[in-house]
Amino acid sequence: MQIKELTNYLESIAPSNYQESYDNSGLIVGHPDAEINKALISLDCTEAVVDEAIAGGFDIIISHHPIVFKGLKKFNGATYVERVVMKAIAHNIAVYAIHTNLDSVATGVNAKICETIGLNNCKILVPKKDILKKLSFFVPIAQADKVKNAVYEAGAGEIGNYSNCSFSIEGTGSFKANEKADPYIGDEGELHFEKEQKVEVIYPIQNERKILAALLDSHPYEEVAYDIYSLDNAYQHVGAGMIAELPEEMDGLAFLQHLKKSMGLQVIRHTQILDRKIKRVAVCGGSGSFLLKNAIAAQADAFVTADFKYHEFFDAEEKLIIADIGHFESEQFTQHLLLDIITKKFPNFAIRLTESNTNPIKYLS
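What counts and what doesn't
- Residues numbered from 1 in each chain as written.
- Predicted model: local features only at pLDDT ≥ 70, side-chain atom pairs only at ≥ 80, totals over all residues.
- Heavy atoms only, no water.
- Helix = DSSP H or I, 4+ residues; strand = E, 2+ residues; numbered from the N terminus.
- Buried < 20%, exposed > 50% of the residue type's maximum accessible area, 1.4 Å probe, protein only.
- Contact = heavy atoms within 4.5 Å.
- Areas by Shrake-Rupley, 256 points an atom, 1.4 Å probe, with all protein chains shown as cover.
- Lys, Arg positive; Asp, Glu negative; His and termini not counted.
- Charge placed at Lys NZ, Arg CZ, Asp CG, Glu CD.
- Phe/Tyr/Trp six-rings, centres within 6.5 Å; stacked < 30°, edge-to-face > 60°.
- Lys NZ or Arg CZ within 6 Å of the ring centre and 35° of its normal.
- Pairing = 2+ DSSP bridges.
- Right-handed = clockwise from strand over helix to strand, strands pointing away.
- Salt bridge = Lys/Arg side-chain N within 4 Å of Asp/Glu carboxyl O.
- Polar contact = N/O pair within 3.5 Å; in protein donor to acceptor, adjacent residues only side chain to side chain.

Asker: In this structure, what is going on with the overall build of the protein chain? I would like to understand it.
Answerer: A count of helical and extended segments in the protein chain gives eleven helices and 15 strands. Its C-alpha atoms give the protein chain principal-axis dimensions of about 85 × 55 × 40 Å. In the protein chain, which comprises 365 residues, the share counted as buried stands at 45%. Pairs at least 24 residues apart make up 72% of the contacts formed inside the protein chain by residues separated by at least 6 positions. Only carbon and sulfur atoms are counted for the fraction: they give 49% of the accessible area of the protein chain, which is about 19100 Å². Of the side-chain charges in the protein chain, 35 are positive and 49 negative, and the distance between the mean point of each set is 5 Å.

Next up, the structure:
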């Protein structure tokens, strides 16, 4: 298939506009129209991974972490980033990253961590704002259902587990067509009054172009009256971290032992084990210390994440247990998540996980 067939599908699950401002998810090396036959999945795109792709005849590397975060000014092989990019280009291997956008969706990285630990009732810890918009349009009553169904099909009116969500109110619209108009109803030069519905629907911003096209294509009027509003509402299904629950409460040490076993960890850095049961657990793949206050506010008993600095451990203030399991370790199963996502959609596409361990941190036991 073409690269864009694969990446468009991935971005239908984790839209690129969900990524953080500092991120660089998307197609980093390669052309969207290029054909691919084999994909290699990894957490990081390192030189070893590129060498593995070359040896195995892979056309594309799909990684969680982008190899390029900042602009490159020179390509002389002075850094591992330059060498990776140069080698991928030289061997016609595409490089694609799906990073904080996959972190942010409710079925993404954090959901995979929750599944691996065995947590239930998973919800986004800090939902994103500036994701939702509202479309308001006016349509003759006779054509209202047709137009509403068209915008529903394009992705409007979906709220959580509900679809076809809208609000409608009836009123009277008026217009006068001039000599250049070709009105659907009413006569040229005469003021016309029409019974209409005002319809309001909410949608995520990445669907806007498709929704507006559906509105204009299905609407009977030559000039369609509509308004678009930006919303401050938090989108409950997209955001940072997750809060979930253990099936049965555990004491602190038992929970850490369970975490170590289920995640396949060598070591856990943690705060003092508290004299209370663990039931509610917050998680964040990768560097999650910025969510500590949110985890405490959500009444989490433990917070599983990575990259806490020394002084940040004090901020727990015995309100929960911080379990720092390591950046690579917290996201290691993201590769399996991507494999499942792609295989279910493209069952005949050749794809496998890297055999390279890209964790740059080693432990001396």
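Asker: Help me understand the packing of aromatic side chains in this model?
Answerer: Aromatic ring pairs are described here by two measures, namely the spacing of the ring centres and the angle between the planes. In this structure the tally under the stated criterion is five aromatic pairs. The interplanar angle of 85° and the centroid separation of 5.8 Å between the aromatic rings of Tyr9 and Phe346 together place this pair among those described as edge-to-face. Of this pair, Tyr9 sits in helix H1 (residues 3-13) while Phe346 is found in the loop between helix H11 (334-345) and strand S15 (350-353), placing the two residues 337 residues apart along the sequence. For Tyr9, a relative accessible area of 21% corresponds to the partly exposed category. Classification of Phe346 as buried rests on a relative accessible area of 16%. A ring pair is formed by Phe308 and Phe313, whose centres lie 5.5 Å apart and whose planes are at 50°; its orientation type is tilted. An identical accessibility class is assigned to Phe308 and Phe313; each is buried. Ring pairs connect the aromatic residues Phe303, Phe308 and Phe313, which therefore count as one cluster. The cationic tip of Lys38 hangs over the ring face of Phe58; the distance from NZ or CZ to the ring centre is 4.6 Å.

Asker: How should I be thinking about the pairing of strand S3 (residues 60-63) in this particular structure?
Answerer: Regular strands place their side chains on alternate faces of the sheet. Here S3 shows two buried faces, one formed by Ile60 and Ile62 and the other by Ile61 and Ser63. Note that strand S2 (residues 38-42) and S3 share four bridges and pair parallel. Residue pairing across strands places Ile41 opposite Ile62, the latter belonging to S3. Chirality of the crossover, the property in question, places the unit of S2, helix H2 (residues 47-56) and S3 among those that are right-handed. The parallel pair S3 and strand S4 (residues 94-97), bridged by helix H3 (residues 80-90), forms a crossover whose chirality is right-handed.

Asker: Is there a simple way to explain the side chain of Glu196 in this structure?
Answerer: Checked against the element boundaries, Glu196 lands in strand S8 (residues 191-204). Although Glu196 is buried, it makes no salt bridge; Lys195 carries the closest opposite charge, 11 Å away. A polar contact is formed between the side chain of Glu196 and the side chain of Tyr221, at a distance of 2.7 Å. Beyond its immediate stretch of four places on either side in the chain, Glu196 contacts Phe138, Val139, Pro140, Ile141, Ile169, Glu170, Gly171, Gly173 and Tyr221.

Asker: Hey, could you run me through the environment of Gly77 in this one?
Answerer: Counting through the fold element by element, Gly77 comes out in the loop between S3 and H3. For the pair Gly77 and Ala350, spaced 273 residues apart in sequence, the C-alpha to C-alpha distance is 31 Å. Aside from chain neighbours lying at most four places away, what touches Gly77 is Glu82, Arg83 and Met86.

Asker: Is there a simple way to explain the pattern of salt bridges in this structure?
Answerer: Inspection of the entire model under this criterion finds 13 salt bridges. Notably, a salt bridge pairs Lys87 with Asp51, separated by 2.8 Å at the nearest N-O pair. Taken together, the residues span a long stretch of sequence, with Lys87 in helix H3 and Asp51 in helix H2 at a distance of 36 residues. Overall, Lys87 belongs to the partly exposed group, its relative accessible area being 26%. Note that Asp145 is salt-bridged to Lys148, the shortest N-O span being 3.9 Å. Highlighted residues: Asp145 and Lys148, both in helix H6 (residues 144-153), separated by three residues, approximately one helical turn.

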